[in-house]
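# Summary of structural features
The primary structure of each chain is shown beneath.
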Amino acid sequence: MRKSARLRIVGRRLLQALPVVILSTFIVFGLLKLVPGDVAVTLAGDNASEQRIAEIREIYGLNQPLLVQYGSWLFKALHGDLSKSLISNEAVLTAIQRCLPHTILIVVLALLTALVIGIPLGIAAATKPGSWIDGFVMAIASLGVAVPNFWLGMLLVAFFSLQLNWLPATGAASLMKDPWVALSHAILPAVALASGGIAEVARQLRSSLVEILSSQQVRTLHAKGLPPSSILWRHGLKNVSVNLLTVVSLLANRMLAATVVVEAVFAIPGMGGLIVNAAMNRDFPVVQGVVFAMVLIVVCINLLTDILYSVLDPRISS
Amino acid sequence: MRVIDLGQRQLRRRDILALMGGAAAAGTLGLPAFAEEAKKGGVLKVAAPANPSSLDPATGGAGSDHSILWTMYDTLVEWDYETLKPKPGMAKWTFPDPKTMVLDITGGIKFHDGTTLDAEAVKFNLERNRSDQRSNVKPDLSSVESIEVTGPLQVTLKLKNPDSALPAILSDRAGMMVSPTNIKALGNDTDRKPIGAGPWKFVRWNDNEIIVVTRHEDYWRKGRPYLDGIEFNIITENATALRSVVAGQNDMAFQLPARLKPVIERAKNLTTVTSPTLYCIQLYFNYARAPLDNVKVRQAINFALDRDVFVKAALSGLGEPARMTLPSSHWAYNKDVANTYPHDPERAKKLLAEAGYKDGLELTIGGYTDQDSVRRGEVIQDQLGKAGIRLKFTRGTIAEISAQFFATEKKFDLLVSAWTGRPDPSMTYGLGFDKDAYYNAGRTADPELSRLIKESRASEDLSKRAEIFAKIQKITVETALSAPLAFQFELDALSAKVKGFKPNLLGKPKFENISLG
């Protein structure tokens, strides 16, 4: 596939993403307004009186029609201003810039863990289907899917932080300022988050590989006397790489969502905590900002996946 | 759970000591020793349970802000830890006549930006608190008619009506002094760059992550503070907060739920602190409509509740059964009405039958989704169920359920929540039971009750006030305007190196006595 064609696809996909981003923020805004509860009550504080709540609605423009509120938010957002938190007055962009790196670090580490452990497990199971190794891997995989990641997180903290004192139990650090401290904080949450991913990678890889390795084509290669390792790497894995890419892309999106719980267990000041707190208080500029950022990330992941598809298998994009 | 301020509490000292002694005997109190000489220096790391609503005392709203605000802002009036009786802070007060309050400010106090805290600065703050559009403390100062500077260090408040609650009010948000220079320069942005005159000054606030304060070298109280700084690591999940202390990442976690007490006790080198507070877990009623407009139904609920069992089952024993909205140690407690509702399910059934519900009735109730609220709800559901009152629960976030109950929707008959009190009992009763009060979901009140609430602020004399509060309590208890359940104790976990921590009746830690050993 030519480079210019690929660029065209990227450009087209980015343009297509814009309405998706806007629509998703609109839906979230609508949902937030539909759910009972009122940020004006929170803002009025413990001295809340009906009069004060009404006054606060007026000050913050919360009594304006929904479309006006949304429109003014969108207008600012499209000009690069994601507004300020209604509760704490912090600029939403500042909050996102601070929280996003913590979340991304955990997701990337979790994804790498899932691949580094899941791929060998999947290969081991697929090369000897029906053997004890296969059974063992599938049992581990079932366990990985079944164990809730917050529970695993607590077990990891109990053992590695409280018992052995090897890794910190809570918090996060900046990767730029303190890379080692940041990694030490991110390891346990990443492992907790990766447990389901390891299982998924191993299972998907096994089933695709088993299918390919038992195909007519591979049997012919065996008959021709090609060494099994060469068959596995050159024919088996190459063919399943597209499937694997799909799994990784789905996993990345799912892990982004799952960070909400893991961040609570490890007290990581990431995007999960940010959106949960904001949603609880109906702090809609923060919720909108986080949704905006998350949708952009998902769109980018999907775009990257599409480009990689076309690299791995040019037939897909043509 | 809504967290609501308390300030002034004038308890009889022996009552408090008796209460603390009783708790200690029951193995629930472990106060660290204060006797050791305090060392200077070190940074205390604290797991704080909530992100502040604002670092500007006038614009914030959450009761959980106070522990953080007090590090940066000193108040005009302070209180005694054990009794919460007001005592001079940055100023002394007198009432030359019932409608005049004079504040004499201590000389030599400077804000963190070097601005002098004088009469002009105090007037600026009080004017801002009572009239600024963004001020949430306006109602607290509604009795003030005018504020005059009557000397370089003297401010005189002219009152519309006698208001003996004012000293207590000035020990709370309304009495926290912010630098006028900062407000004039930054306007609404001062909550992100706060400047007060407290023992520590602001360094950094990352929402939902951390707040850092450092020593104010020119602090007016010589030799204080002991700590060079404090780091508040915001951890909203209680068990996670406690794990951070067990793992040594933080030195202290406060306001933990009772269910975590065994975890603190199992951990090595941790001190458990529990102490009484005025935080009252209770059932709010909407008594403006059927079936709770019938006093017999409300009384039946009160008879059906077994408060002693509730404390054991829902608070792991860390609490005091509540017979009214003030605990037994409070100066305004009325023991004459304390035994109005002994646990008596049969009497509850009888009252229901008299009210026309001989087969029992179903009530809708709002509650919150956190683990502790759910547990409380289950105990209440079980107890009322035995008297034939079936509860249909709706659960949600605090913002959602509270708004549905108290604001315009009026969605449930009852709400299980809490009231942590106010600087003065007159505010507790005024905001909870007076006509049109936000926390009175039905917005109706007996005119006699409204009159008494107003009268309770007319005199400074505590015994006279206690007599009026006794009448107020008689009305609220006998007509069952709510169902108080229990006063929750504070539970904190401290690492061994934290010295001198002293809990207070308010249940919101202050860090002024803490040093690191």
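Bear in mind the structure is a predicted one, so any value in this text is a computation, not a measurement.

What follows covers the interface of chain B and chain A. On the chain A side, the residues contacting the 44 residues of chain B number 44 residues. Around 3,400 Å² of area is buried between chain B and chain A when both sides are counted, 47% of it from carbon and sulfur atoms. A per-residue breakdown of the area chain B buries against chain A is headed by B:Asn136, B:Arg243 and B:Tyr438, which together make up 18% of the total. Linking A:Glu55 and B:Lys138 is a salt bridge whose minimum nitrogen-to-oxygen distance equals 2.7 Å. At the boundary of chain B and chain A, one finds 19 residue pairs in polar contact (both at pLDDT 80 or more). Listed by contribution, the elements that provide at least two residues to the side of chain B that touches chain A are strand E8 (200-206), helix H6 (238-246) and helix H12 (398-406) of chain B. Residue classes in the side of chain B that touches chain A are distributed as 13 nonpolar, 16 polar and 15 charged.

This part is about the confidence of the model for chain B. Residues and elements named next belong to chain B. Here chain B shows a mean pLDDT of 88. Residues at 70 or above account for 93%. Of the regions scoring below 50 in pLDDT, residues 1-35 engages in 125 contacts with residues more than four places distant in sequence or in other chains. As a predicted assembly, this complex carries a pTM of 0.83 together with an ipTM value of 0.79.

So, on to the sheet that holds strand E18 (residues 482-488) of chain B. Residues and elements named next belong to chain B. In spatial order, the strands read E14-E18-E13-E17-E15-E16; together these 6 strands make up an open sheet with mixed pairing. Every interior strand has two partners, whereas the edge strands, strand E14 (319-321) and strand E16 (389-396), have only one. Sheet twist, expressed as the average angle between the axes of neighbouring strands with direction ignored, equals 30°.

What follows covers helix H10 (residues 345-354) of chain B. For an α-helix, the turn length of 3.6 residues means that residues three or four places apart are oriented alike. Residue and element names in this part refer to chain B. Burial in H10 covers these residues: Ala 348, Leu 351 and Leu 352. Projected down its long axis, H10 carries its buried residues within an arc of 100°, all on one side. Exposed side chains of H10 directed beyond 90 degrees from the buried face belong to Glu 346 and Lys 350. Looking at the residues trailing H10, positive phi occurs at Gly 356, about 95°.

Another point: a nonpolar patch on the surface. Residues and elements named next belong to chain A. A cluster of nonpolar side chains, Phe 150, Trp 151, Met 154, Leu 155, Val 260, Val 261, Val 276 and Met 280, forms an exposed patch at the surface whose accessible area comes to about 630 Å². Sorting the residues of the nonpolar patch by element identifies helix H7 (149-163), helix H10 (228-265) and helix H11 (271-280) as the ones contributing at least two each. Sorting elements by how many residues they give to the nonpolar patch places H7 first, with 4 residues. Among the secondary structure elements, Val 260 is positioned in helix H10.

Reading the values: the criteria
- Residues numbered from 1 in each chain as written.
- Chains lettered and ligands numbered in written order.
- Predicted model: local features only at pLDDT ≥ 70, side-chain atom pairs only at ≥ 80, totals over all residues.
- Heavy atoms only, no water.
- Contact = heavy atoms within 4.5 Å.
- Buried area = accessible area lost by both parts, 1.4 Å probe.
- Salt bridge = Lys/Arg side-chain N within 4 Å of Asp/Glu carboxyl O.
- Polar contact = N/O pair within 3.5 Å; in protein donor to acceptor, adjacent residues only side chain to side chain.
- Helix = DSSP H or I, 4+ residues; strand = E, 2+ residues; numbered from the N terminus.
- Nonpolar A, V, L, I, M, F, W, Y, C, P; charged D, E, K, R; others polar.
- pLDDT = per-residue confidence, 0-100.
- Pairing = 2+ DSSP bridges.
- Axes fitted to C-alpha atoms, helices over the stretch in contact; angles between N-to-C directions.
- Buried < 20%, exposed > 50% of the residue type's maximum accessible area, 1.4 Å probe, protein only.
- Arc of directions from axis to C-beta.
- Patch = residues over 30% accessible without salt bridge, like charges linked within 9 Å, V, L, I, M, F, W, Y side chains within 5 Å.
- Areas by Shrake-Rupley, 256 points an atom, 1.4 Å probe, with all protein chains shown as cover.

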